[in-house]
Amino acid sequence: MILIDGKATAAAIRAELKEEAEKYKEVCGRAPGLAVVLVGDDPASQVYVRMKSRACDELGLHHRQYDKPADTPQDELEDLIQALNQDPQIDGILVQLPLPKGLDSQRILDMIDPDKDVDGFHPVNVGRLSQGAPCFEPCTPAGCIELLRRYNLPTAGKKAVVVGRSNIVGKPLAMMLTRGGDYANATVTVCHSRTPDLGAEIRQADFIFAAVGVPKLIKADMVKEGAVIIDVGINRTDEGLVGDCDFEDVKDKVSAITPVPGGVGPMTIAMLMKNTVTSFKKRMRVGEFEAKLKWEK
Ligand code: NAD
């Protein structure tokens with residue numbers, strides 16, 4: 001059984017990005033920039049934002065954090081997003097969700113310039129993803145696919161079951177798995193809370209992607225021998241953090257599995273960093289510059 005080490009993979013991606021960012025900083029005169037907007041005092045959101053700031057520091061990215069009280073008016077946040085859209089130092093804008101009650105999250109997300117939408121939640125990026133066009137991919141599903149790529153576990157021609165249909169994980173993941181490519185081209189079934197016989201669906205799968213939020217929902221008797229499990233779930237329980245799969249129960253039946261914690265979790269921030277560096281490169285036309293250098297040689 002292969003234990004898919006998301007922590008080590010994410011660290012390797014961050015190291016690659018750090019090298020890239022340092023190189024481009026010298027050439028372009030500025031580092032890639034990420035702006036994070038945090039509204040209210042939700043403790044989990046504060047932890048996530050801190051982790052993102054730490055990752056930016058590690059990579060040498062420029063980052064700015066905007067801490068706003070929970071009663072910030074909608075129009076003040078919209079003005080902030082408009083200003084960040086125009087800000088030449090900022091390549092990525094992230095609004096930490098969930099926003100406090102009373103704020104229209106969708107309206108705020110929709111205002112982010114799609115070319116700075118490093119979370120990949122803007123309808124333009126969602127649309128591009130559904131068309132198979134280049135876009136910012138949402139970080140958690142992108143992290144799942146990147147793990148498959150780095151562990152050489154191609155899904156092409158295989159049966160995949162995605163459990164969960166949220167806009168941030170399940171739905172985009174299903175879209176990524178159905179498009180072309182080695183780590184795609186799967187035959188995908190999406191299950192959700194109204195799926196009558198979850199076990200019967202999952203048992204068909206060569207690849208199981210769990211994004212549910214129910215601790216240890218998936219047991220060995222629901223899993224085909226030799227299946228690969230990518231467990232996105234992060235559930236706080238009395239025994240600590242656990243995934244949506246019962247790791248101890250399934251581990252001898254699968255060919256590869258992500259642990260919780262240390263699986264998909266660390267990949268999300270690594271992919272956010274990757275999207276920010278990609279946005280910077282697009283904005284600074286790094287590709288054209290590199291092509292010119294090659295040409296001049
Ligand atoms: P969500 O609550 O938005 O969606 C859960 C989905 O699971 C829904 O589509 C629902 O229909 C489905 N569902 C619920 N109960 C079910 C059942 N009994 N059988 C089948 N389907 C069922 O959740 P989300 O935001 O997609 O997150 C899912 C899990 O992934 C959570 O544990 C969350 O903490 C975790 N998560 C992890 C990361 C990460 O960075 N690793 C990122 C986002 C979410």
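Keep in mind that this is a model prediction, so the values were computed, not measured.

Together, Val47, Tyr48 and Met51 give the surface a local cluster of nonpolar side chains, amounting to about 230 Å² of exposed area. Looking at the element boundaries, Val47 is found in helix α2 (residues 43-59).

Looking now at the packing of helix α6 (residues 139-150) against helix α10 (residues 265-283). The geometry of α6 relative to α10 is characterised by a closest axis approach of 8 Å and an angle of 100° between their N-to-C directions. Classified by the angle between their axes, α6 and α10 sit roughly perpendicular to one another. Residues Cys139, Thr140, Ala142, Gly143, Glu146 and Leu147 of α6 lie in contact with α10, whose contacting residues are Met267, Thr268, Met271, Leu272 and Asn275. Class assignment for the residues of the contact of α6 with α10 results in six nonpolar, four polar and one charged.

Before going further, it helps to examine the packing of aromatic side chains. Here the structure, examined in full by the defined rule, presents one aromatic pair. With a centroid separation of 6.5 Å and an interplanar angle of 40°, the aromatic rings of Tyr24 and Phe280 are classed as tilted. Highlighted residues: Tyr24 in helix α1 (residues 6-28) and Phe280 in helix α10, separated in sequence by 256 residues. Of the two residues examined, Tyr24 and Phe280, each falls in the buried class.

Okay, the nonpolar core next. Leu34, Leu148, Leu177, Phe209, Ile230 and Met273 are the most contacted members of the largest nonpolar core, which totals 48 residues. Considering every element that reaches this core, the biggest residue donor is α10, with seven residues. For this core, the two domains that each supply at least three residues are domain 1 (30-114) and domain 2 (139-265). Leaving out residues up to four positions away in the same chain, Leu177 has contacts with Ile145, Thr155, Ala160, Val162, Tyr183, Ala184, Asn185, Ala186, Val188 and Phe209.

Once that is clear, we can look at the site of the ligand. Surrounding the ligand, one finds 20 residues, the nearest of these being Arg165, Ser166, Ser193, Ile234 and Thr268. His192 places a polar main-chain atom, nitrogen or oxygen, 3.4 Å from a nitrogen atom of the ligand. At 3.0 Å from an oxygen atom of the ligand is found a main-chain nitrogen or oxygen belonging to Ser193. Coverage of the ligand by the protein chains reaches 70% of its 860 Å² of free accessible surface.

Strand order across the open sheet formed by three strands is β3-β2-β4, with parallel pairing between neighbours. Where the open sheet ends on each side, the last strands, each with one partner, are β3 (62-68) and β4 (92-95). Strand-to-strand twist in this sheet, taken as the mean axis angle between neighbours without regard to direction, amounts to 15°. Where strand β2 (residues 33-39) lies against β4, four bridges are found, and the strand directions are parallel. Along β4, the bridge assignment pairs Ala35 with Ile93. On top of the sheet, helix α3 (residues 74-86) reaches β2, β3 and β4; it is set at about 170° to β3, its chief contact.

Now for the pairing of strand β6 (residues 187-191). Pairing of strand β5 (residues 159-163) with β6 involves five bridges; the strand directions are parallel. Of the residues in β6, the one forming a bridge with Val161 is Thr189.

Time to look at the sheet that holds strand β7 (residues 207-210). The strands making up a sheet associate through hydrogen bonds between their backbones, and the pairing can be parallel or antiparallel. With respect to topology, six strands assemble into an open sheet ordered β1-β11-β8-β7-β5-β6, the strand pairing being parallel. Two strands in the sheet have a free side with no partner beyond their single neighbour: β1 (2-3) and β6. Where β7 lies against strand β8 (residues 228-231), four bridges are found, and the strand directions are parallel. Looking at the pairing, Phe209 lines up with Ile230 of β8.

What follows deals with the domain arrangement of the protein chain. When the domains of the protein chain are assigned, the result is domain 1 (30-114) and domain 2 (139-265). Its C-alpha centre places domain 1 at a distance of 29 Å from the equivalent point of domain 2.

Rules and cut-offs
- Residues numbered from 1 in each chain as written.
- Predicted model: local features only at pLDDT ≥ 70, side-chain atom pairs only at ≥ 80, totals over all residues.
- Heavy atoms only, no water.
- Patch = residues over 30% accessible without salt bridge, like charges linked within 9 Å, V, L, I, M, F, W, Y side chains within 5 Å.
- Areas by Shrake-Rupley, 256 points an atom, 1.4 Å probe, with all protein chains shown as cover.
- Salt bridge = Lys/Arg side-chain N within 4 Å of Asp/Glu carboxyl O.
- Helix = DSSP H or I, 4+ residues; strand = E, 2+ residues; numbered from the N terminus.
- Axes fitted to C-alpha atoms, helices over the stretch in contact; angles between N-to-C directions.
- Parallel < 35°, antiparallel > 145°, perpendicular 65-115°, else oblique.
- Contact = heavy atoms within 4.5 Å.
- Nonpolar A, V, L, I, M, F, W, Y, C, P; charged D, E, K, R; others polar.
- Phe/Tyr/Trp six-rings, centres within 6.5 Å; stacked < 30°, edge-to-face > 60°.
- Buried < 20%, exposed > 50% of the residue type's maximum accessible area, 1.4 Å probe, protein only.
- Core = buried A, V, L, I, M, F, W, Y, C linked by side-chain atoms within 4.5 Å.
- Domains from an automatic or database assignment.
- Near = heavy atom within 4 Å.
- Polar contact = N/O pair within 3.5 Å; in protein donor to acceptor, adjacent residues only side chain to side chain.
- Pairing = 2+ DSSP bridges.

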